[in-house]
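Structural overview for review
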Amino acid sequence: MLESRKGFSSNTLKLIAITAMLIDHIGAELLPEWIILRVIGRLTMPIMAYLLTVGFQHTHHFMHYQLRLLIFAIIAAVPYTLYFGQGPLNILFTLWLSLWCLKLYDSQNNNRGVLIIGIILLATFFNVEGAAMVITIVLLFHIFSHQPSKMAWAFIILNSVYLITNVIFAFNTNVPLTNYTVWIQFFAVLALPFILKYNGTLGKIKLPRYLFYVFYPAHLTVLLLFKLYALPLLG
């Protein structure tokens, strides 16, 4: 049976991603001095990006898929903005744009390269969360989906370039290299062992169909309420 395969099912990967995301968001606003929480949180984005490519490759209803992402991105906009003090273009908007880039990449449109670059530039201009980095990762995961070693190396190289760019920028702007924002994104490579162990099944764990979509705005709302009302009482 398929579920007897070793490795991680898509449902297990979803649970890892949302757990790491919750930990990351707690660290971002409630416990910023606990850098380890942000390190753990780096697992989330690559796993989400990978699952998006898997979903894209298997969906029979692309329009429903992209609309679902867009609706929950809009729902999450308010708690995201109030909790982080930025936004409202959260990661679900980035995944939505990434999905359209995948659609363009697989199309026969002669201008698909230009259109994809245009989407990336627009995402960067409007400060969509993750913007160019996330969209590029999604594309790489899709392009090398049947070549895991190349996919892994492409991801490592991309993160290395991002790290070097951050170090150069920090040096030129007198930001100390001890500032965790300079180097923390490189820990996203820790998601690779989980991604490479994907076994192609849904898994024995049964999850609600829209668990991730609902969890994203829901956990932000709960964290926001805790930040506004419970945290001040705790001093």
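Below, the structure is looked at part by part. Quick caveat, the model's predicted, so the values are computed rather than measured.

Glancing now at the overall build of the protein chain. Along the backbone of the protein chain there are 11 helices and 0 strands. Each helix and strand of the protein chain, ordered N terminal to C terminal, gives the series α-α-α-α-α-α-α-α-α-α-α. Relative to the globule expectation of 18 Å for 235 residues, the C-alpha radius of gyration of the protein chain, 18 Å, shows essentially globular dimensions. With respect to the principal axes defined by its C-alpha atoms, the protein chain has extents near 55 × 45 × 35 Å. Evaluated residue by residue, the protein chain yields a buried proportion of 43% over its 235 residues.

The next thing to look at is the pattern of salt bridges. Counting across every chain of the model gives 3 salt bridges. The shortest N-O distance in the salt bridge between Arg38 and Asp24 comes to 2.6 Å. You can see Arg38 sitting in helix H2 (residues 35–41) and its partner Asp24 sitting in helix H1 (residues 10–29), a full 14 residues away along the chain. Each member of the pair, Arg38 as well as Asp24, is classed as buried.

Here we take up the layout of surface pockets. Roughly 1,100 Å³ of volume is contained in the largest pocket. Lining the largest pocket we find 36 residues, and of these Arg38, Arg42, Glu129, Gly130 and Gln185 sit closest to its centre. Counting residues per element, the ones that place at least two in the lining of the largest pocket are H1, H2, helix H3 (44–58), helix H4 (62–84), helix H7 (131–143), helix H8 (148–172) and helix H9 (180–183). Residues that form the lining of the largest pocket fall into these classes: 19 nonpolar, 12 polar and 5 charged. Roughly 890 Å³ of volume is contained in the second largest pocket. Lining of the second largest pocket is provided by 30 residues; of these, Lys14, Gly55, Tyr65, Leu202 and Tyr213 occupy positions nearest its centre. At the level of elements, H1, H3, H4 and helix H11 (211–230) are the ones that each hand at least two residues to the lining of the second largest pocket. Broken down by element, the residue count for the lining of the second largest pocket peaks at 6 residues, all from H3. The residue makeup of the lining of the second largest pocket, split by class, is 16 nonpolar, 10 polar and 4 charged.

Bringing the packing of aromatic side chains into the picture now. For the structure on display, the rule yields 14 aromatic pairs. Ring centres 6.1 Å apart and planes at 75° place the aromatic pair Tyr210 and Tyr213 in the edge-to-face group. Taken together, the aromatic side chains of Phe72, Tyr210, Phe212, Tyr213 and Tyr216 make up a single cluster linked through ring pairs. Seen from the ring of Phe62, Lys103 lies directly overhead, with NZ or CZ sitting 4.8 Å from the centre. The residue whose ring lies beneath Arg112 is Tyr105, and the NZ or CZ to ring-centre distance is 5.4 Å.

This part takes up the side chain of Asn166. For Asn166, the position within the fold is in helix H8. In this structure Asn166 comes out as buried when scored by relative accessible area, which is 18%. In contact with Asn166, not counting residues within four places along its chain, are Thr181 and Val182.

What follows deals with the nonpolar core. In terms of nonpolar packing, the biggest core is built from 67 residues, with Ile47 and Leu92 touching the most fellow members. Sequence-distant contacts of Ile47, defined by excluding residues within four places in its chain, comprise Leu13, Ile16, Ala17, Ala191, Phe194 and Ile195.

Before going further, it helps to spend a moment on the environment of Thr136. Position of Thr136 among the secondary structure elements: in helix H7. Residues within four places of Thr136 in sequence aside, it is in contact with Ile120 and Leu158.

Procedures and definitions
- Numbering of residues begins from 1 in every chain and follows the order in which that chain's sequence is written.
- Given that the model is predicted, a residue must reach a pLDDT of at least 70 before its local features are reported, and side-chain atom pairs must reach 80 or more before they are shown or counted; all residues, however, enter totals for whole chains, interfaces and linings.
- Excluded from the side-chain calculations are hydrogens and water; all other atoms, namely the structure's heavy atoms, are used.
- For the purposes of this entry, the term helix denotes a DSSP run of H or I that reaches at least four residues, the term strand denotes a run of E that reaches at least two, and both are numbered from the N terminus.
- Using C-alpha atoms as the atom set, the radius of gyration is obtained and then compared with a globule rule of 2.2 Å times the number of residues to the power 0.38.
- Think of it in three bands: with a 1.4 Å probe and only protein chains considered, a residue is buried below 20% of the maximum accessible area for its type, exposed above 50%, and partly exposed in between.
- We count a salt bridge whenever a side-chain nitrogen from Lys or Arg sits within 4 Å of a carboxyl oxygen from Asp or Glu.
- Think of a 1 Å grid over just the protein atoms. A cavity is a set of points where a 1.4 Å probe fits yet cannot get out, a pocket is an open set with protein on both sides within 12 Å along at least five of seven lines, and lining residues have an atom within 4 Å of a point.
- Grid points are joined across faces, edges and corners, and a volume is the space filled by probe spheres set on the points.
- Classes in brief: Ala, Val, Leu, Ile, Met, Phe, Trp, Tyr, Cys and Pro nonpolar; Asp, Glu, Lys and Arg charged; the others, Gly included, polar.
- Only rings of Phe, Tyr and Trp enter the pairing, Trp through its six-membered ring, and a pair is recorded when the two centres are within 6.5 Å. The plane angle decides the type: under 30 degrees is stacked, over 60 is edge-to-face, the rest tilted.
- The criterion for a charge sitting over a ring is simple: Lys NZ or Arg CZ within 6 Å of the ring centre, and within 35 degrees of the ring normal.
- Between two residues, a contact is recorded if the distance between any of their heavy atoms is within 4.5 Å.
- Nonpolar cores were defined as sets of buried Ala, Val, Leu, Ile, Met, Phe, Trp, Tyr and Cys residues, with membership established by side-chain atoms within 4.5 Å.

So yeah, pure geometry; function would need other evidence.
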